[in-house]
Amino acid sequence: MTPIRVVLVDDHPVVLGGLRALLESLPDFEVVGTATDGEAGVREVVLTRPDVVLMDIRMPGIDGLEATRRIRERAGGVAVLVLTMFDDDDTVFGAMRAGAQGYLLKGADQVEIDRAIRAVVAGEAIFSPGVAQRVLGYFASPPPVADPFPELTAREREVLDLMAAGERNQVIADRLFLSPKTVANHISSIFVKLAVADRSAAIVRARREGLGGS
């Protein structure tokens, strides 16, 4: 069987040495290059065209996220498996957006690393158990509801919401602790921003977007 060709990118020589020894002890793996920073890692990948890169995140120069983006641009057929100690949301989802197919935490054992490398080379996505739960939770969450009237200020949206609920200006003023004149000014601004001629038209638009339920 043709060995899986691997490039290792990590700024800690001890980690590099350990990963090389681990992979060379397993069947079907060949370490074809190593690098201690992101920029050197990109060069090594472009030069050797491995099947997979094991990529650290925090490194001098360009970090692992930027290195992953560059690898995906310059050597799109090379799989990237992140191997890092960081599991915060920004890093996890940043790696996914950059094009990584897998995300393992340092401390993963030999069996996990073996399985993960083979999975990403086969085109699968794979994550450490804790990271996988976070990813699944993210995609299971309902998408954020877009603001239907981004041109309005927060106060104008409050006024419009109460208008759509059928409240008159004095009630709106009392609810929001404003003067009736200030409420009238907000309503005039709402008419201009929503390009509507009168209160009724503004209310129709607001209710169509779900306002007025308060």
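Residues numbered from 1 in each chain as written. Predicted model: local features only at pLDDT ≥ 70, side-chain atom pairs only at ≥ 80, totals over all residues. Heavy atoms only, no water.

- As named in an unreviewed UniProt entry, the chain is Response regulator transcription factor, taken from Nocardioides oleivorans.

### What about the environment of glutamine 101?
Then, in step 1: Mapping glutamine 101 onto the fold places it in the loop between helix 4 (89-98) and strand 5 (102-105).
Then, in step 2: The spatial distance from the C-alpha of glutamine 101 to the C-alpha of alanine 154 is 40 Å, given a sequence separation of 53 residues.
Then, in step 3: Within the local environment of glutamine 101, its side chain forms a polar contact with the backbone nitrogen of valine 80, the two atoms lying 2.9 Å apart. (Helix = DSSP H or I, 4+ residues; strand = E, 2+ residues; numbered from the N terminus. Polar contact = N/O pair within 3.5 Å; in protein donor to acceptor, adjacent residues only side chain to side chain.)

### Some words on helix 7 (residues 154-164)
Then, in step 1: Taken together, the buried positions of helix 7 are Glu156, Val159, Leu160, Asp161, Leu162, Met163 and Ala164.
Then, in step 2: In this structure, the buried side of helix 7 is in contact with helix 8 (169-176), helix 9 (180-194) and helix 10 (199-208).
Then, in step 3: Of the residues one or two after helix 7, glycine 166 is the one with positive phi, at around 90°. (Buried < 20%, exposed > 50% of the residue type's maximum accessible area, 1.4 Å probe, protein only. Contact = heavy atoms within 4.5 Å.)

### Here we look at the packing of helix 1 (residues 13-24) against helix 5 (residues 110-121)
Then, in step 1: Relative to each other, helix 1 and helix 5 sit at 75°, their axes nearing to 11 Å. Between helix 1 and helix 5, the angle falls in the class roughly perpendicular. For the pair helix 1 and helix 5, contact is made by Leu19, Leu22 and Leu23 and by Gln110, Ile113 and Ile117, respectively.
Then, in step 2: In terms of residue class, the contact of helix 1 with helix 5 is made up of five nonpolar, one polar and no charged. (Axes fitted to C-alpha atoms, helices over the stretch in contact; angles between N-to-C directions. Parallel < 35°, antiparallel > 145°, perpendicular 65-115°, else oblique. Nonpolar A, V, L, I, M, F, W, Y, C, P; charged D, E, K, R; others polar.)

### Observations concerning the packing of aromatic side chains
Then, in step 1: Taken as a whole and judged by the stated rule, the model has zero aromatic pairs.
Then, in step 2: A cation over an aromatic ring shows up here: arginine 58 above the ring of phenylalanine 86, its NZ or CZ 4.0 Å from the ring centre. (Phe/Tyr/Trp six-rings, centres within 6.5 Å; stacked < 30°, edge-to-face > 60°. Lys NZ or Arg CZ within 6 Å of the ring centre and 35° of its normal.)

### Some points on the sheet that holds strand 4 (residues 79-84)
Across a sheet, paired strands are connected by hydrogen bonds in the backbone, their directions being either parallel or antiparallel.
Then, in step 1: Sheet architecture is open: six strands sit in the order 2-1-3-4-5-6, paired in parallel fashion. Both edges of this open sheet fall to strand 2 (29-35) and strand 6 (126-127), since each of them pairs with a single strand only.
Then, in step 2: One ladder, built from two bridges, connects strand 5 with strand 6; its direction is parallel. Bridged to tyrosine 103 within strand 6 is phenylalanine 127. (Pairing = 2+ DSSP bridges.)

### Some thoughts on the pattern of salt bridges
Then, in step 1: Here the structure, examined in full by the defined rule, presents ten salt bridges.
Then, in step 2: We note a salt bridge from aspartate 10 to lysine 106, for which the minimum N-O separation is 2.7 Å. Of the two residues, aspartate 10 sits in the loop between strand 1 (4-9) and helix 1 while lysine 106 sits in the loop between strand 5 and helix 5, which places them 96 residues apart along the sequence.
Then, in step 3: Owing to a relative accessible area of 2%, aspartate 10 belongs among the buried residues under this scheme.
Then, in step 4: Salt-bridge contacts for arginine 69 lead to glutamate 66; the nearest nitrogen and oxygen are separated by 3.0 Å. A residue pair is termed a helical-turn pair when its members lie 3 or 4 positions apart in one helix, as arginine 69 and glutamate 66 do in helix 3 (residues 64-74) at three residues. (Salt bridge = Lys/Arg side-chain N within 4 Å of Asp/Glu carboxyl O.)

### Brief notes about the pairing of strand 4
Then, in step 1: Of all six residues in strand 4, six are buried; the element is thus mostly enclosed.
Then, in step 2: Of the two faces of strand 4, the one lined by Ala79, Leu81 and Leu83 and the one lined by Val80, Val82 and Thr84 are each fully buried.
Then, in step 3: Pairing geometry for strand 3 (residues 52-55) and strand 4, over four bridges, is parallel. Note on strand 4: the bridge partner recorded for valine 53 is valine 80.
Then, in step 4: On the question of chirality, the crossover connecting strand 3 to the parallel strand 4 by way of helix 3 is right-handed.
Then, in step 5: Here four bridges tie strand 4 to strand 5, and the two strands are oriented parallel to one another. Its bridge partner lying in strand 5, threonine 84 is registered against leucine 105.
Then, in step 6: In this fold, strand 4 hands off to helix 4, which returns the chain to strand 5; that crossover is right-handed. (Right-handed = clockwise from strand over helix to strand, strands pointing away.)

### Considerations on the UniProt feature "domain: Response regulatory" (unreviewed entry) in the chain
Then, in step 1: Listed under "domain: Response regulatory" (unreviewed entry) in the UniProt record, and renumbered for this structure, are residues 5-121.
Then, in step 2: Between the end C-alpha atoms of residues 5-121 the distance is 10 Å, and the span holds 48% helix and 22% strand. (UniProt positions renumbered as here; feature names shortened; annotations may be inferred.)

### Observations concerning the pairing of strand 2
Then, in step 1: Inspection of the sheet shows strand 1 paired to strand 2 by six bridges, in the parallel sense. Counted as the bridge partner of valine 6 is valine 31 from strand 2.

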